[in-house]
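The residues making up each chain are set out below.
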Amino acid sequence: MNTPPKAELHVHIEGTLEPEMVFALARRNDIALPHESVADLRAKYEFADLQSFLDIYYANMAVLRTAADFRDLAAAYLDRCAAHGVRHAEIFFDPQAHLKRGVAMETVIGGLCAALDDSEVSASLILCFLRDESAESAAEALRLAEPFLDRIVGVGLDSAEVGHPPSKFTEVFRRAHELGLRAVAHAGEEGPPEYVREALDLLGVQRIDHGIRALEDPELVERLRREQIPLTVCPLSNVRLGAFAELGHHTLPRLLEHGLLVTVNSDDPAYFGGYADENFDAVRRELGLTPEQLRTLAANSFRASFLDEDGKAAFL
Ligand code: HPA
Ligand code: ZN
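Definitions and cut-offs
Residues numbered from 1 in each chain as written. Chains lettered and ligands numbered in written order. Predicted model: local features only at pLDDT ≥ 70, side-chain atom pairs only at ≥ 80, totals over all residues. Heavy atoms only, no water. Near = heavy atom within 4 Å. Polar contact = N/O pair within 3.5 Å; in protein donor to acceptor, adjacent residues only side chain to side chain. Helix = DSSP H or I, 4+ residues; strand = E, 2+ residues; numbered from the N terminus. Nonpolar A, V, L, I, M, F, W, Y, C, P; charged D, E, K, R; others polar. Axes fitted to C-alpha atoms, helices over the stretch in contact; angles between N-to-C directions. Left-handed = near helix turned anticlockwise from the far one by under 90°. Contact = heavy atoms within 4.5 Å. Donors = N, O, S within 2.8 Å, 3.2 Å for Na, K, Ca; no water. Tetrahedral: all angles 85-135°; square planar, octahedral: opposite > 155°, others 65-115°. Buried < 20%, exposed > 50% of the residue type's maximum accessible area, 1.4 Å probe, protein only. Lys, Arg positive; Asp, Glu negative; His and termini not counted. Salt bridge = Lys/Arg side-chain N within 4 Å of Asp/Glu carboxyl O. Pairing = 2+ DSSP bridges.

Draft legend 1. The site of ligand 1, seen in detail. Taken together, His 12, Leu 50, Phe 53, Leu 54, Tyr 57, Asp 158, Ser 159, His 186, Glu 189, His 210, Asp 267 and Asp 268 make up the full set of residues adjacent to ligand 1. Between ligand 1 and His 12, the relevant distance is 3.4 Å, taken from a nitrogen atom to a side-chain nitrogen or oxygen of the residue. Between ligand 1 and Asp 267, the relevant distance is 2.8 Å, taken from an oxygen atom to a side-chain nitrogen or oxygen of the residue. Per-element tally for the shell around ligand 1: the top contributor is helix α3 (residues 50-60), with 4 residues. In terms of residue class, the shell around ligand 1 is built from 4 nonpolar, 4 polar and 4 charged.

Next up, the structure:
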């Protein structure tokens, strides 16, 4: 694989937890697992939809207990970035999923930052709120993160989408903007185009994560094009969670043809069959993207990043 240098803007650090590391951390932390082997765990990675994935994703996280666990997780991901031509990463993390297991915000952020500080890959953190938890719980997570805001570039919104519209989180995103944070949100992955509009109009997000269902709404597509709102698309994830029956049916080429600012990302690579390069390679192979389109996707990833203009210029 030799795709061009790129940024990764849509990756959940907990979604980089490989089955081998689940077992290694379970051993280190003396946690009993309900799986017989790495192969047995991996065999369970057949997903019908987002929720069936999230059930395993949250269950596996139970092995992450100490700052060293979060450090090792992020260090392994950043090593893979270096091997996959990813020069800059804006990494999601899900603190509410750890807080409710009794793991402190400081443990999570301290561990992740130990790896970031030690890596040659440029990287920052995006704190995601779990949309299937309450707005109060999100506000509490943001409050607990305030002492660490110099380590966080923005906030995001993830987890089970349908039935949990962006409007539920207007207030906590308003507070995040007040604190000087950038904002993104998952929208239009399984949820309707209306959720994409809400994320833009009510949450003031600067990027949409996924956004694939925007294509159902021509006026929204025109707005995304006009305002050049980035969409962080995750091709292998979309296939593994059932949005498309096979990669050859993915609408990535249509999004590009509409002139949208699209990027390619791995989402939860330990679960969906590939890191950044595997996603690039798969769309090249299965969707017949031209070298020119692949260069556009790579350049878009820096353009859509939260790097400052000098930082972008250094990569572009
Ligand atoms: N979608 C929504 N929430 C998530 C995902 C995803 O693909 N991965 C981790 N949290
Ligand atoms: Zn995601």
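Draft legend 2. The packing of helix α9 (residues 193-201) against helix α10 (residues 218-226), seen in detail. Look at α9 against α10: their axes get within 10 Å of each other, and the N-to-C directions meet at 35°. Along this stretch, α9 crosses α10, giving a crossing that reads as left-handed. Facing α9, whose interface residues are Pro 193, Val 196, Arg 197, Leu 200 and Asp 201, α10 presents Glu 219, Leu 220, Arg 223 and Leu 224. In terms of residue class, the contact of α9 with α10 is made up of 5 nonpolar, no polar and 4 charged.

Draft legend 3. Structural view of the coordination of the zinc ion (ligand 2). Distances from the zinc ion (ligand 2) to its protein donors, His 10 (NE2), His 12 (NE2), His 186 (NE2) and Asp 267 (OD), fall within 2.0 to 2.2 Å. Relative to the metal, the 4 donor atoms surrounding the zinc ion (ligand 2) lie at angles of 83 to 174°, and the coordination shape comes out irregular. Linear spacing of the donor residues for the zinc ion (ligand 2) on their chain is H-x1-H-x173-H-x80-D. Here His 186 lies in strand β5 (residues 182-187) and His 12 lies in strand β1 (residues 6-12), a separation of 174 residues in the sequence.

Draft legend 4. Summary view of the side chain of Glu 8. Inspection of the secondary structure puts Glu 8 in strand β1. Lys 6 is the oppositely charged side chain nearest to the buried, salt-bridge-free Glu 8, at an N-O distance of 8.6 Å. Here the side chain of Glu 8 touches Tyr 77 through a polar contact of 2.6 Å, side chain to side chain. At 2.8 Å, the side chain of Glu 8 forms a polar contact with the backbone nitrogen of Ser 266. Contacts of Glu 8, omitting those with residues within four sequence positions, involve Tyr 77, Val 86, His 88, Ala 89, Glu 90, Asn 265, Ser 266 and Ala 276.

Draft legend 5. Structural view of the sheet that holds strand β4 (residues 152-158). One open sheet holds the 8 strands; their spatial order is β1-β2-β3-β4-β5-β6-β7-β8, and the pairing between them is parallel. Only two strands of the sheet have a single partner each, and these edge strands are β1 and β8 (262-264). Averaged over neighbouring strand pairs, the angle between their axes works out to 25° when direction is ignored. As paired strands, strand β3 (residues 122-130) and β4 are joined by 6 bridges and run parallel to one another. Counted as the bridge partner of Leu 127 is Val 155 from β4. Along the sheet, helix α14 (residues 276-287) contacts β1, β2 (86-93) and β8; its crossing angle with β1, the most-contacted strand, is approximately 105°.

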